[in-house]
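One-letter residues, chain by chain:
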Amino acid sequence: MIAEKIIEKSTKLESLVMLVSRHIKFRKGKGLITAKDATGLIRLRSSYNESTPSQIHLLPHIRVRERHNNIFLCHSTISHEYKRKKIRKDSVVIDKVTGIMWHRSGSTKYMKFKKARKWIMALNRNGYAGYNDWRLPTLEEAASLLESDSVRDGCFIGKLFSGKQWEIWSGDIDGKKLAWLVTFANGTMRQVRIGSVSSYIRPVRSLDRESRMCMGQSILGTASIFESISARTTRLG
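What you see is a predicted model; the values in this text were computed from it and never measured. Residue positions are counted from 1 within each chain, in the order its sequence is given. With the structure being a predicted model, the display of local features is reserved for residues of pLDDT at least 70 and the display and counting of side-chain atom pairs for 80 or more, all residues being used for whole-chain, interface and lining totals. Neither water nor hydrogens contribute to the side-chain values; these are computed over all heavy atoms in the structure.

Examining a positive patch on the surface
Then comes step 1: Like-charged residues within 9 Å of one another, or nonpolar side chains (Val, Leu, Ile, Met, Phe, Trp, Tyr) within 5 Å, are grouped into patches, provided each residue has over 30% relative accessible area and no salt bridge. Under the convention used here, a 1.4 Å probe and the Shrake-Rupley method define accessible areas, while residue burial counts only the protein chains that appear. When a carboxyl oxygen of Asp or Glu lies within 4 Å of a side-chain nitrogen of Lys or Arg, that pair is called a salt bridge. Counting rule applied: Lys, Arg positive; Asp, Glu negative; His and chain ends not counted. Taken as the charge centre is NZ of Lys, CZ of Arg, CG of Asp or CD of Glu, depending on the residue. Together, Lys109, Lys114, Lys115, Arg117 and Lys118 make up a positively charged patch on the protein surface.
Then comes step 2: Within the secondary structure layout, Lys114 lies in helix 2 (residues 113-126).
Then comes step 3: Judged by its relative accessible area of 65%, Lys114 falls in the exposed class. Think of it this way: any DSSP run of H or I at least four residues long counts as a helix, any run of E at least two long counts as a strand, and we number them from the N terminus. The buried label goes to any residue with under 20% of its type's maximum accessible area, the exposed label to any with over 50%, and the partly exposed label to all in between, with areas taken from a 1.4 Å probe on protein chains only.

Some points on the sheet that holds strand 5 (residues 82-87)
Then comes step 1: In this scheme, strands are said to pair when DSSP sees at least two bridges between them. With respect to topology, 4 strands assemble into an open sheet ordered 5-6-7-11, the strand pairing being antiparallel. The two strands at the open ends of the sheet, each matched to only one other strand, are strand 5 and strand 11 (204-206). With direction set aside, neighbouring strand axes in the sheet form an average angle of 30°.
Then comes step 2: Summarising the sheet, strand 7 (residues 100-103) and strand 11 pair through 3 bridges and their orientation is antiparallel. For helices, the fitted line uses only the C-alpha atoms of the stretch in contact; every axis is such a line through C-alpha atoms, and the angle between N-to-C directions lies from 0 to 180 degrees.

A word on the pairing of strand 7
Then comes step 1: Of the two faces of strand 7, the one lined by Ile100 and Trp102 and the one lined by Met101 and His103 are each fully buried.
Then comes step 2: Relative to strand 7, strand 6 (residues 90-95) is paired through 4 bridges, and the arrangement is antiparallel. Residue pairing in the sheet places Val92 in a bridge with His103 of strand 7.
Then comes step 3: The hairpin turn running from strand 6 into strand 7, its antiparallel successor, is 4 residues long, and Gly99 in that turn takes a positive phi close to 70°.

A closer look at the pairing of strand 4 (residues 71-76)
Then comes step 1: Strand direction decides the pairing type here: strand 3 (residues 62-68) and strand 4, joined by 6 bridges, are antiparallel. Looking at strand 4, one finds that Glu66 is bridged to Leu73.
Then comes step 2: Where strand 3 hands over to strand 4, the hairpin turn is made up of 2 residues, of which Asn69 adopts a positive phi near 55°.
Then comes step 3: Pairing between strand 4 and strand 10 (residues 188-193): 3 bridges, direction antiparallel. Within strand 10, the position partnered with Ile71 by the bridge is Arg190.

So, the pattern of salt bridges
Then comes step 1: Counted under the stated rule, the structure contains 5 salt bridges.
Then comes step 2: Close ionic contact of Glu167 with Arg190 constitutes a salt bridge, the shortest N to O distance being 3.0 Å. One end of the pair, Glu167, is in strand 8 (residues 167-174); the other, Arg190, is in strand 10, with 23 residues separating them in the sequence.
Then comes step 3: A relative accessible area of 3% means that Glu167 is categorised as buried.
Then comes step 4: One network of salt bridges, with partners in common, ties together Arg45, Glu140 and Asp172.

In structure tokens form, the structure reads like this:
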């Protein structure tokens, strides 16, 4: 009988551990329910995809209000928590909600898509803000910056960012000839032919685990749950 109770408690404890390992939180964000991962962050896709216009409505955390051919009027549903920081005299913006770091401004000149990639390589060689893993944002990341209202120099982007880069490249493509731009001047994303237009760059990088812990994400909350599990394990022993 005692053994059966111990097994039953162990099973419940195992289920609790599995629940904590997933640690999925939910929060209300501008009318939508947004899922967080085990670190308490809203995870945005960081690897490039071949994104077609028909897939735009499937982008998470993005609300599309209108569509005109391959131009989408939209905004992010994420309630960001931005923090501006100086690192080695280089200015960055950290988003505590998504766990990514943005170049506060980016390129000072327009450039075509292929040249944008070379510009990123040069930025990494120079170690901007002490890092060499900067990249073009995915369409999901770039569009996450779109605010529902004009808040920065007439642009639909947070006040901590430079307003000069009113439009930026995404690293996502559609086949070999089409790429995506996110335009803060009018709150849209649009598909363009590679080589036909030039735009600005606003690089991004994913924060490592140590950086996220320093940001004070939900580590303390997670720790308290594991402390409770540890105490229960001790009692079972």
